[in-house]
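# Observations on the three-dimensional arrangement
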Amino acid sequence: MDSSSLRIYRVIGAVQNVIANAKTLDEALQEGLKTIVENAGADGGAIWYADTSDENRLRPFFWIGPVDLTRRSHLPGDGSVGRVYESQTAERLLEFDALKDVETAIDFTGLPVSSMVCVPFSNANANLGVIQFVNGPDSEPFDDEGADVMEIMAMMAAMAIEENEALAEPWQPGEVIMQLRDITREFKNGDIVTKVLKGVNLDVYEGEFLVLLGESGCGKSTLLNIVGGMDSATSGEFSYLNQDLSNATQAELTEFRRDNVGFIFQSYNLMPNLTALQNLKLIAELVDDPMDADEALELVGLADRKRNYPSQMSGGQQQRVSIARALVKNPKVILADEPTAALDYATSIEVLQVMEEVVKGGTTMVMVTHNEEITRMADRVVRMRDGRMHEVTINRHPAHAVDLVW
Amino acid sequence: MKPTQITELLANIKATFVSFFSILMFVALGVGVFLGISWAGPALQNAFDAMADEGQLHNYQVQFVYGLTDDDLGKLSETEGVSQVEAERQSFQTLRREESNYTVKLQSLGQEIDVPLVVEGELPIKPGELAMHEESAAKLGIAVGDSVTFEHDVVQDETESLQADSGDSAEPKADTSDGMQYLHGDTFKVTAIVNSADYAARSSETYGYSNSPSGAVDALAWVSDDAFDAAAFRQGYPVVNVRSESLEGLGTFGDEYDQKSEEVEQRVSELGDVLAPARYDELHDKAQKQVEDGEKQIADGKKKIAEGEEKLKTGRAELDAAIAEGEAKLASAYQKLQEGEAIKASAEKKLSSARSKLNEAESVLDEVDAAIAEVRSTASDLKSYKASQDKELKAKKITQEKHDANLDKYGATQRSRIAPIASAVGVSLPSINHTNYGDAISGMNSAVDAIKNTSVTVDGKKLSYSSARELLGELRGEYSSKESAYNSKVQELESGWAKYYAGQQELEDKKAEGEKKLADGKAEVEKAKKEIQEKEPLLEKAKQKVAELKKYDWTVLSRSHNAGATEVLTFSDVTKNLSISMAALFIIVGLLVSYFAVSRIVHEQVAQIGTKKALGFRKGEITKSFLLYSGIAVLAGAIIGTIVGYTLVEGIIGGTLSQMFAFGPYPAYFGWPLFAIMTLLELALILGATYLACRSILKQHAVELLRGEKPPTGKARFYEKWALWDRLPLFVQTIVNNCVNDRRRMISTIVGVAGSAALIVTAITLNNDVMKSYDRQYQEDYGFNTIAYVDNKVEGAVGNVDSVLQAEGATTAQVFMKRYLVECSDGDSAAMRIVVPSDQETFAQLYHENPVSGGEVDLSAEGAWVSQAYGKHMGAKVGDIIIVDGGDGSKHEVPILGFYDFWLTYHEMVMGGDYFHKEFGDFSPNVVLAQVGDASVADLGKKLSGVEGFGSIVDDATAQYANFEMFSSVSSAVVAIYLVLAALMSIVVLLNLNVMFIDEKKRELIVLMINGFSQKKAKSYIAYDSIVLTVFGIIVGVILGCIMGSITVAAIEPSTAVFVKNVDAVAVIVGVVGSALLAFIMGKIALRRIPKFKLTDINKQ
Ligand SMILES: Nc1ncnc2c1ncn2[C@@H]1O[C@H](COP(=O)(O)OP(=O)(O)O)[C@@H](O)[C@H]1O
Ligand SMILES: [Mg+2]
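Right, let's walk through the structure included here. (Residues numbered from 1 in each chain as written. Chains lettered and ligands numbered in written order. Predicted model: local features only at pLDDT ≥ 70, side-chain atom pairs only at ≥ 80, totals over all residues. Heavy atoms only, no water.)

## Looking at the interface of chain B and chain A
With 27 residues of chain B in contact, the opposing surface of chain A contributes 25 residues. Across the chain B/chain A interface, buried area totals approximately 2400 Å², and carbon plus sulfur atoms make up 59% of it. Interface area lost by chain B to chain A is led by Thr4, Leu615 and His701 of chain B, which between them contribute 25%. Our count for the contact surface shared by chain B and chain A stands at two salt bridges. As a salt-bridge pair, arginine 618 of chain B and glutamate 255 of chain A come within 2.1 Å of each other at their nearest N and O atoms. (Contact = heavy atoms within 4.5 Å. Buried area = accessible area lost by both parts, 1.4 Å probe. Salt bridge = Lys/Arg side-chain N within 4 Å of Asp/Glu carboxyl O.)

Listed below in C-alpha cells is the structure:
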C-alpha cells in the first residue's frame, strides 16, 4: 500500500471513529467534516442542509474556513451545491475558475477557491444535503486522487447517518446587521508588525447570540473591538446596517457605539464613583429612548442594589450591573468580551442567565469567550484560529445557561 | 450635560478632591494675587479720588510768571468747561522749631477748591489763625492751640523797580523781597490740623519746591486769604485753581478723565495763549514806558545839571566882584579911621597937660583947704570938748581938777595937731590949757585967715589963695571944654570903627552866603549827577529787562502734575507691573499644576475613560466632563481667589500703601472686567491645559484605554552602542533609560523642581537685589553720605560750612544741586536733580560716576550725564536732548552725553560748571557733599547752626535707606507669596508626579519585591530617578530663577529708578537647598506608598 492510500485509510478510520461517538447527526457530520478537512488537508468545507420548509433550499449548517456562509443558500440545481443535491451525484470542479462561478466566488470571499468537491448525503427517506470541500492541501487544487478521497469520505460519513434521523431545524438567520469583509488588523510596535486579524469575513445577524470562541491571543477581542467600533481595522470593510464604517472617523464610530452597541467587559468597568443606578443612568442618558434604569436593574436582579457603589458589590453583581448598563440604552447589539472570565462558576452562570434573558428579549449578542461550554448557549459559534475565522457552527439547539457545566 | 453626567462629575470631584483642590487653589492664588495686586492700583486711585472729591481738588492749576489778574480769573471762569475758579496766594515762611529751621509753604485757604479737610479743630476764619497740615504738624510737633511765629520769608527773589526809590510810583510790589510784606502779621494761632487733597501723598518730597537752600518744602499750612497782604499780590495771583464740571465724578486716572481733561485744558491753554501775550504786552509797554520815563528823567536831570553848573559859574564871579568892592570900601574907611586916631592922640596929649596943670592947682588948693579945715576942726573939737567937760563938771561927774587937767591934756594934743600948719604959715601958737580955751578957739579963726592970706604958687605963678582959686576955676573950665572936644572926637572915631567892623562883618557874611549858595548849587548838581549815575545802570537794567522780558505762556497743570496723583500713579504702575509679572508666573504655575492634576486624574481614570468611550460617550462629552471639572475648579478658584485678593491681598498692599498717603486706610477695589478677564483667561488656559492633558488619552481608541496605558516602549538608544554605556552600573543605565523613555515624566519633574527652585531664587533675588541697589549706590558711586544745604546768597556761607565740616574730619565737595522739571518723551514732566560740581577734583573724590554708556564722564563737555533710569524708563539715548524747565519759565535744551550708574529712586543729571553757566547762567554752590566719619549728623548740625547761611544737613544715606526699605517691604510680601507658591507647587506637581510614577511602576516594583527586593531597595529604585531629575530641575530652576529675579526686580522698579539685577548667591543657595528639600519631602511622602503595595496585586488587571 502506498502512503496516500494509507493516509486515506487512517482518515477514514478517524472519521468512522468520530461519527461513531457523535451524539447527534449534526455532531457526526460536523466532526466528520472537521476530521476530513484536518486530515486530508483541505482548506475548508461546508455541510449544507436541505431546508424542507423552503423548497429544499440548501443552507449551510457547519463549515470550516474563514468565510461566512451563514446567509448563503442554494436552491436545488442552483450552483454546484444545488446541482449536486439535485443530481445526487458527487461533482468535482477541479479546474475551477471562481470567476466563472460568481456566486460561489462571492460566498467564499476570503478563501480563493481553486477546486471543489461536492458530495451529496442522504438517509433512506430523503436527500439531506451536500458536503462540500474546498481546495486541496496547501490551497492547491484537488487532484483526482484527492477528490476521490473527499468523495469516499463524504460518502462514508453519509452512510453513517442513520435512517430517519431527522436533521435539526434549519436555522433562519435574521437580517444582517453587521458585515465584516476581509478585515485585517495589524499592530505596529516599533519595527515589528503583528498581524492579529488576517482577513475576517463575518456577518452578525439580528437577534442572534453569536459566540466567538478561540484560543487566547487568537484575535477574538480584537475582532470584537472592531465589531464594536472601538477599534478600526487595518484593512477590509466593516458595515453596520448597510452603513459603511470601514473608514469611519473616531467620531462616527463613537456615534455608532453610542446609538447601537452595548458593552460588557470582563472587568466590569463600572464608574467607581457612581452607584449602580447612577452608572445605568449615566449611560441611559446617552440615548433618546433608553430603558428605565430601575427596570434594567430589575432585569438583572439587582433592584435592591441600586444605591450601592461598585466597590460594595461582588464581581458577579458588578457584572450584572454592567449588563444592565449595556441593556439600558436598548442597544441593537450587545458585545461582551469574556464577561465571565473573572468570575467563579456559580456567578458565571448567574451572569450568563441574565445574558440569555437579554438575547431572548431580542437583543443581538456577540460574546467572546474561550470557554467551550458557553458555546452551547449560542445560536452561532465562530471558532477563530490565528486571526481568522476557522469554523462556524450553526447551533440549532442552544442550551440554557443553567444547563452549562464546567 | 445630562443629570447623571453632572452627578458623575461631582462624584469625580469628590473622589479626586486633592487634584481638584490643587487646581482650585492655584487658580485662587493666581487670581487672588493678580487681582489683589492689580486692584491695589484702582483701590488706591479711588481712595485718591475720594479725597479729591471731598477736598474739591482742582482739576487744573494755572500758573503764570506774570501773575494772574482778577480779569484773567473772570475770563477763565467764562471758559467752556470751567465751573469754578479760585485764586490762591502763597508764601514761603521759615519756622524755627527746636534749633531747626523749617520752610513752610503757606497757602490761602480754598473756599471752593482745594478745601483743606479738617482732622481736628476748626478752619481759620481770622487773619491770625492757621491750619496746619497733619503730617507737617506731626513732624514739627505742633498741635491745635499752639502759636507759631514765622521768621521771615524764604523768598529772596528781588525784582528792582526803576522807580523803587522815586516813591512816586503806584506800581505794585508783587515780587517784593521782604517776606513780611506778604503777610499782615507773622504770628498765628493754630486752629486746625488738616489734610489737603492737593497733598495726598505723605512724603514731603511731594510738597513742591521752595527757594530755601535745600529747595525743599518741609511743612504746609493754610491761612485765611485776608492774612495775606493783598498789596503784595497786586500784580496778580501766583496760582489759580480751576475745577471743571465735566470732570466731576470721573476718576482722575481714567482714560475718560484724560480725554475730557485734555479738552478743557486745551481751552484754558488757548485762553492763556490770548491773555498771556496781552499781559506781556501790557507789562512790556509799562516797562517800556518806565524806560522812556527814566530816559526823559535822566535827560532832564542832565539839562538841570548843565544849567546849575552855569549858574554856579556866574554866581562865583558876582560874588567875587561884590567881595572886592566891599573890601575896597573897608580899606578906605580904615584909612580915615587911622587919621582920626592920630588926631585923637594929639588931643589926648593936650588934654593930659591941661590935666596935670589942673591937678597941680587942685592939689595946692586942696592942701590949703585941708589946713583950714584942720584948724577949724581943731577949734570945733576944742569947743565941744570944753563943753562936754563942763557938762560933766556941772553934773559933778568929775572934779574941777580933773576937768582942768583933762582940758589941759586935750588942749596939748590939739595944739600938736595944728602945730605943723601953724609953723608952715608962720603963725605962733600959744599953749592951750583950761584957761585959755576960749582964746585958743578964737585964735584959731585968726589962724585961718592967716592961712588964707598966705600966697601959693600955681603954674609958676605966686598967687593968693583966692586968685588961685579963681585960676583953678579957669583951669577947670578950660580942661572940661578940651575934654568934651576930645570925647566927641573919640566918640566919632569909635562909631567909625564900629561901622568899619560892621562893614567887614557884612562882607564876611556876604561872602559866606555867596559861597554857601554856590556850594549848595554845586551839591545840587552833584546830587543830580549822582542821581543820574545811579539811575543810569537802573535804566540799563530796565532796558535789559524790557529786552529780556519774555513771552511766557500760562502753565496749565492738570491733575497729572499733582504730586499726590503722580505718587498714586507710580504705585499703581508698580502694582500693575508686579501684577502682570506675578500673574504670568501664577498662570504658568497654575497651568502646570492643572496640567499635572488633570493628567493624574486622566491617568488614574484611563479605564473609566476607555469604558465611557466604548459605551459611546463622545470624545467631546468626555472632554467636556474634564473641562467642566477644571472649569468648576477654575471658577471656584477664581471666586475664592477674588475674595482672597479683595480682602487679603488688597488688604496687605493697601495697608502698606495707605501709610504713604494722607487719606489713610481705604476700601478695597473690585472690578468686574478684570475679574472676568482673569477668570476667562484662567479658564481658557486651564481648560487648554486640561484639554492637552486629556487630549492624547482621548485620542486613543477605547480598546487601548481599556487595556491600560501603553508601557513605555523600550528600544535601543544610540548611546547604548557607546563603550562607556556598558561600563555604567545597571542602576545608572536604568535611570537613564527610565528618563529617556518617559519623557513626559522627565520633563514634568524637571519643570516641577525647576519651578519651585526658580520661585525661591526669584523671591530671594528680588528681596536682596533691591537692597543691593542701595549698597551699590553708597559703596561704588557715592563717596559721600551727608548733604549740607547752604543759602548761597549769603556770601561765604558755603565756604564756611565746608570748613566746619572739614574741621570735623569730613571729606567734602561743594556743588550746586537743584531740582528742575524736565519734559519727558511722553509729554509729562519729571523731576530731575541737576548736580554741578564747583571743583571737579573734590567732586571726583566723593562722586564716582561710573558710566554705563557714552564713555568716560567728561564734565568739560557741552551737555549732561544722566542717571541710567532716565535712559531706561524714558527711552532716552545718548545724543538725545532733554528739555529742562529753568523754573523761571525758561527752557533749556540739554544734550545727553552719557548715562551713569545710579541706583536711587530719582532722576539725576550731572554737568560741568562751564556748561551750566553757559546754559543756565550764573550759579554758585549751594550744597556741600560730605563723607563724614563717625560724627553724627545731629552734632554736625549743631556745630553748623551758628554759620550764617547754613540751611540744613541731611544724613542722605540713612534717608535713602528708609526709601529702599519701603520697596523692600513691598518685595517682602512678594517673597512670601513666592515661597508659599514654591512649596504649594512642589506639593501639587512633584507629589502628583511621584505618586503617578510610583503607580505606574507598581507592577515593576511588585515584581522586584516578589523577587526579593527589600522595600528600601524598591524605594531607591524609584528615588534614584527622582534624584537625577531633581538635580537637573534645580539647575534649570536656578538659571530660570536668576532670569525671573531680574525680570521681577525690573517690574517693581519705579520709573525713576533702576535696581541692581544680580545673580544673588544667597538666593541660589537657598533655592538649591530649598527646592532640594521640597523635592526630598515630596519624594518621601510619595514613597510611603511602596510599603503599602500588596504583592498579590500583580494578578489584578
Ligand atoms: N495593541 C496591540 N499591540 C500589539 N499586539 C496586540 C495589541 N492588541 C492585541 N495584540 C495582540 O494580538 C493578539 C490577539 O489579541 P486579542 O484579540 O486580545 O486576543 P484574544 O483572542 O485573547 O482576545 C495577541 O497576540 C495580542 O498580543
Ligand atoms: Mg481577549
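## Concerning the pattern of salt bridges
Residues and elements named next belong to chain B. Throughout the structure, instances matching the rule amount to 60 salt bridges over all chains. Across the pair glutamate 374 and arginine 417 runs a salt bridge whose closest N-O atoms are separated by 2.8 Å. One end of the pair, glutamate 374, is in helix 5 (residues 255–394); the other, arginine 417, is in helix 6 (residues 400–425), and 43 residues separate them in sequence. On the basis of relative accessible area, arginine 417 is assigned to the partly exposed category, the value being 26%. (Helix = DSSP H or I, 4+ residues; strand = E, 2+ residues; numbered from the N terminus. Buried < 20%, exposed > 50% of the residue type's maximum accessible area, 1.4 Å probe, protein only.)

## Quick word on the site of ligand 1
Taken together, Phe187, Val196, Glu215, Ser216, Gly217, Cys218, Gly219, Lys220, Ser221 and Thr222 of chain A together with Arg707 of chain B make up the full set of residues adjacent to ligand 1. One chain alone does not account for the residues near ligand 1; they come from chains A and B. Contact between ligand 1 and glycine 217 of chain A: an oxygen atom at 2.6 Å from a main-chain N or O atom of the residue. The separation between an oxygen atom of ligand 1 and a polar main-chain atom of glycine 219 of chain A is 3.1 Å. Alone, ligand 1 offers 550 Å² of accessible surface; in the complex the protein occludes 69% of this. For the shell around ligand 1, the class distribution of residues is three nonpolar, five polar and three charged. (Near = heavy atom within 4 Å. Polar contact = N/O pair within 3.5 Å; in protein donor to acceptor, adjacent residues only side chain to side chain. Areas by Shrake-Rupley, 256 points an atom, 1.4 Å probe, with all protein chains shown as cover. Nonpolar A, V, L, I, M, F, W, Y, C, P; charged D, E, K, R; others polar.)

## Digging into helix 8 (residues 276–284) of chain A
Across the nine residues that make up helix 8 of chain A, a large majority, seven, are buried. Packed against the buried residues of helix 8 of chain A are helix 9 (293–299) and helix 10 (315–328) of chain A together with helix 1 (3–15) and helix 10 (606–614) of chain B.

## Some words on the pairing of strand 9 (residues 235–240) of chain A
Residues and elements named next belong to chain A. Alignment of strand 6 (residues 176–189) against strand 9, held across five bridges, turns out to be antiparallel. Residue pairing for strand 9: threonine 184 is matched across the bridge by serine 235. Pairing between strand 9 and strand 10 (residues 243–244): two bridges, direction antiparallel. By the bridge assignment, serine 239 is partnered in strand 10 with aspartate 244. Taking the residues that link successive antiparallel strands as the turn, the strand 9-strand 10 hairpin has two residues, and the phi of leucine 241 there is positive, at about 45°. (Pairing = 2+ DSSP bridges.)

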